[in-house]
Structures are given as structure tokens and as C-alpha cells.
Amino acid sequence: MGEGRAPGAGGAKTSAGQAAGMPVVSSESVLALKRRARRINRALAEKYPYAHAELDFRNPFELLVATVLSAQTTDVTVNQVTRVLFDRYPDARSLAEADPADLEVILKPTGFFRAKSRNVIALCTRLVDDYNGVVPGRLEDLVTLPGVGRKTANVVLGNGFGIPGISVDTHFARLANRFGWTQSDDPVRIEQDVAELFDRKDWTMLSHRVIFHGRRVCHARKPACGACPVATWCPSFGLGETDPAKAAKLLKYELAPGSEALLDQLLAETHRAAEIRMASQQRTP
Ligand code: SF4
């Protein structure tokens, strides 16, 4: 629902907000904002049932290192690099003692590889010294680790430990403003504002869906408003291309024109995974 259609909700925008490309919904009650935000989340869940953390990992340690490496590069590149990295250095202890020159060669494709090598060694040294090589499962501990901010900590908590967290990256910050969920550019404030609108249990998946949407549809420069599944509830509709056919050409990844087979495959895998989950739940006494 909502694709290629003019918006039907969202409240009034101030001209100042529009001028900055960051609309402010001025006449919306808190309750209406909450309802609209949750409607957007449901629509995103329908559109991206396969949304997930795009970094590959087998445990919180791998996720933590992969997230630190993901700064200024793509998740695809990080996944290629971490395959080699964890083969050679499978845990914090081995990475803490790694030869920096060897590490730099492995991390080179991710960019800023000298700084990242230093950071990863410092991070793993702290893990070994203060946490016996084990990644702590608390936000207040995680943010004290070298190179780990709230965004990384929330990614690790949400996906590595199953503790709900809102991960505010550049996509999340942009979309939260466009949706009128916040009027701040400060990641901590954005996290607080959005947390008020949703149940805690929804925070991690909400983060994945919003980031997926930002990467595929609601781009920084050319949002594809005319092909957007949440256009009906978005006060920023019209910021980008509104013509459905032209907007469809702006879509990326599995939604891009000509990628129908990939989308079908993702949806089929998602349904299959849901069936397996349901069958195993039914078997559990
Ligand atoms: S693509 Fe347009 S309508 Fe969709 S969320 Fe972004 S700004 Fe709103």
C-alpha cells in the first residue's frame, strides 16, 4: 500500500523545516505521531520482511569487530574482509597479538586501514585485559571500548545479544528527520526521540528496516518518493521524484529495475525461514 501514491497523512510542515530539507510536523499530537510512526514501521516490515543485519558474524566478537570496520565502507566489503580476518585471527586474544603489518594488508580494502588496524588491536587488547577476551553485553561497558560508540554498541547488543537497541547511522538519522520522528541531528537525541515512539521490543528490527529503506528508496540526494511504500504517512513526500515510473528507476539493490529474480529469491528464503521457525516452535513442548 502507498506505493506511487500521494501522501494522505503527516500534518503540516513549517517552511523553515522544508527549507532545510528536514520537515517539521508542527500540528501533530504525540499520540498521532506515535500512531503514524508505528504505521510506517508496519509498512516497512511488510516491504522488507527479509531486513536483517547485513554484516556477517557468528558471535558477538565477530559482530563487534565487523561493525568497527564498517565505518566509511560497505557491508559487502567488510564481509569479504572478515572472512579472511577471522580465519586467521578467530578471537580477541589472537587479534590483540596480531602483527600490525599483516593486519593492514587484510584490512586494506575497507579503507583507513592503518587506523583501523590500530583500533582493532587496541579494542581486542582492552577486551583481553578487562573482559577476559569476552565482549561485554552492557551498553555502559561497550561504549568504553576503543572505537566503540553508541551506534556500534546498539548494533552489537541488538544483534549479538538480543537486547533491543536503536542504531542511529547516517541513514537512520536522515529518515527519522524526514519522517518527523525527531528534529535533531544529534544521534543520542535521535535515539531518545525515536525510543519514545516504539515499544522496546521493536527497536532492533525497526533499525534494520529504516536503514534498509534508506539504502534502497529514501536516498540522501534523490529519494524515490513516487515508489515509496510509506509515502502515505511521510510528511516529506515530494522531497524527491514523485512520478512512479521515474522514481522506480531510482530504487537500489533487490528493488532496482531488473532485479525481480533476486527479490523473489529473498522473499522465498524469508518465507521458508519463517516456516522452519514455526515448525520448530510447534515441536518445542
Ligand atoms: S522516499 Fe520520499 S516519501 Fe518515502 S520516506 Fe523518503 S522522503 Fe518520505
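In this text the structure is predicted, and so the values were computed from the model without any measurement.

Thresholds, definitions, all that
- Residues numbered from 1 in each chain as written.
- Predicted model: local features only at pLDDT ≥ 70, side-chain atom pairs only at ≥ 80, totals over all residues.
- Helix = DSSP H or I, 4+ residues; strand = E, 2+ residues; numbered from the N terminus.
- Buried ≥ 20, exposed ≤ 12 C-beta atoms within 10 Å, placed from the backbone.
- Contact = placed C-beta atoms within 7 Å.
- Near = placed C-beta within 6 Å.
- Nonpolar A, V, L, I, M, F, W, Y, C, P; charged D, E, K, R; others polar.
- Expected span 1.5 Å × (residues − 1).
- Bend = angle between axes of the 7 residues up to and from the residue.
- Core = buried A, V, L, I, M, F, W, Y, C linked by C-beta atoms within 7 Å.
- Axes fitted to C-alpha atoms, helices over the stretch in contact; angles between N-to-C directions.
- Parallel < 35°, antiparallel > 145°, perpendicular 65-115°, else oblique.
- pLDDT = per-residue confidence, 0-100.
- Left-handed = near helix turned anticlockwise from the far one by under 90°.
- UniProt positions renumbered as here; feature names shortened; annotations may be inferred.
- Arc of directions from axis to C-beta.

A. Just the overall build of the protein, in detail. Within the protein one finds 14 helices and zero strands. What you see in the protein, going N to C, is helices and strands ordered as α-α-α-α-α-α-α-α-α-α-α-α-α-α. Split into buried and exposed, the 285 residues of the protein put 38% on the buried side. Excluding contacts between residues fewer than 6 apart, the proportion of contacts in the protein whose partners are at least 24 apart in sequence is 59%.

B. Quick look at the site of the ligand. In the region of the ligand, 14 residues are neighbours, and C218, P223, C225, C228 and C234 sit closest. The residue inventory of the shell around the ligand, partitioned by class, reads 11 nonpolar, two polar and one charged.

C. Geometry of the environment of R83. Tracing the sequence through the fold places R83 in helix α4 (residues 75-88). You can call R83 exposed: it has 10 C-beta atoms within 10 Å. Counting along the chain gives 21 residues from R83 to E62, while the straight-line C-alpha distance between them is 10.0 Å.

D. Just α4, in detail. Over its 14 residues, α4 runs 20 Å from end to end, which matches the ideal 20 Å to within 8%, given 1.5 Å per residue. At T82, α4 shows its maximal bend, which comes to roughly 25°. Of the surrounding secondary structure, the elements contacted by the buried residues of α4 are α3 (60-69) and α6 (100-107).

E. Region of interest: the nonpolar core. Judged by nonpolar contacts, the single largest core of 34 residues is most densely connected at F172, A176, A224, C228, V230 and C234. Of all the elements in the fold, those that place two or more residues in this core are α2 (30-47), α10 (170-178), α11 (187-195) and α12 (203-216). V78, L107, V135 and L157 belong to the second largest nonpolar core, which has 29 residues in total.

F. Quick look at the packing of α2 against α12. It is at 10 Å that the axes of α2 and α12 come closest, and there the two elements cross at 70°. Judged on the interaxial angle alone, α12 and α2 are roughly perpendicular. Of the residues in α12, those touching α2 at N41, L44 and A45 are L206, R209, V210 and H213. Broken down by class, the residue content of the contact of α2 with α12 amounts to four nonpolar, two polar and one charged.

G. Just the confidence of the model for the protein, in detail. Averaged over every residue, the pLDDT of the protein is 91; residues scoring 70 or more account for 90%. Contacts of residues 1-6 to residues separated by more than four positions or lying in other chains number 16 contacts, the stretch itself having pLDDT below 50. Taken together, the stretch residues 8-22 has pLDDT below 50 and engages in 31 contacts with residues farther than four places along the chain or on a different chain.

H. Summary view of the packing of α6 against helix α7 (residues 113-131). The N-to-C vectors of α6 and α7 enclose an angle of 120°; their axes lie 9 Å apart at closest approach. Looking at the two axes, α6 sits oblique to α7. Once α6 is placed against α7, the crossing between them reads as right-handed. The segment α6 lies against α7, with P100, L103, E104 and L107 engaging F113, R114, K116, S117, V120 and I121. Tallied by class, residues from the contact of α6 with α7 come to six nonpolar, one polar and three charged.

I. Quick peek at the UniProt feature "binding site: [4Fe-4S] cluster" (unreviewed entry) in the protein. Under the local residue numbering, the UniProt record ascribes the feature "binding site: [4Fe-4S] cluster" (unreviewed entry) to C218, C225, C228 and C234. Spatial clustering of the annotated residues is evident: they stretch over 17 residues in sequence, but the largest pairwise C-alpha distance comes to 10.9 Å. With respect to the helices, strands and loops of the structure, C225 is situated in the loop between α12 and α13 (244-248). Excluding residues that lie within four positions of it along the chain, C225 makes contacts with A231, F237, G238, L239, G240, E241, T242 and A247.

J. Local environment of α2. If you check α2, its first and last C-alpha atoms are 26 Å apart, about what 18 residues at 1.5 Å a residue would give, namely 26 Å. Turning to α2, its buried residues are R36, I40, N41, A43, L44 and K47. On an axial view of α2, the arc spanned by its buried residues comes to 165°, and they lie on one face. More than 90 degrees from the buried face of α2, the exposed residues found are V30, L31, R42 and E46. Buried-residue contacts for α2 involve α12.

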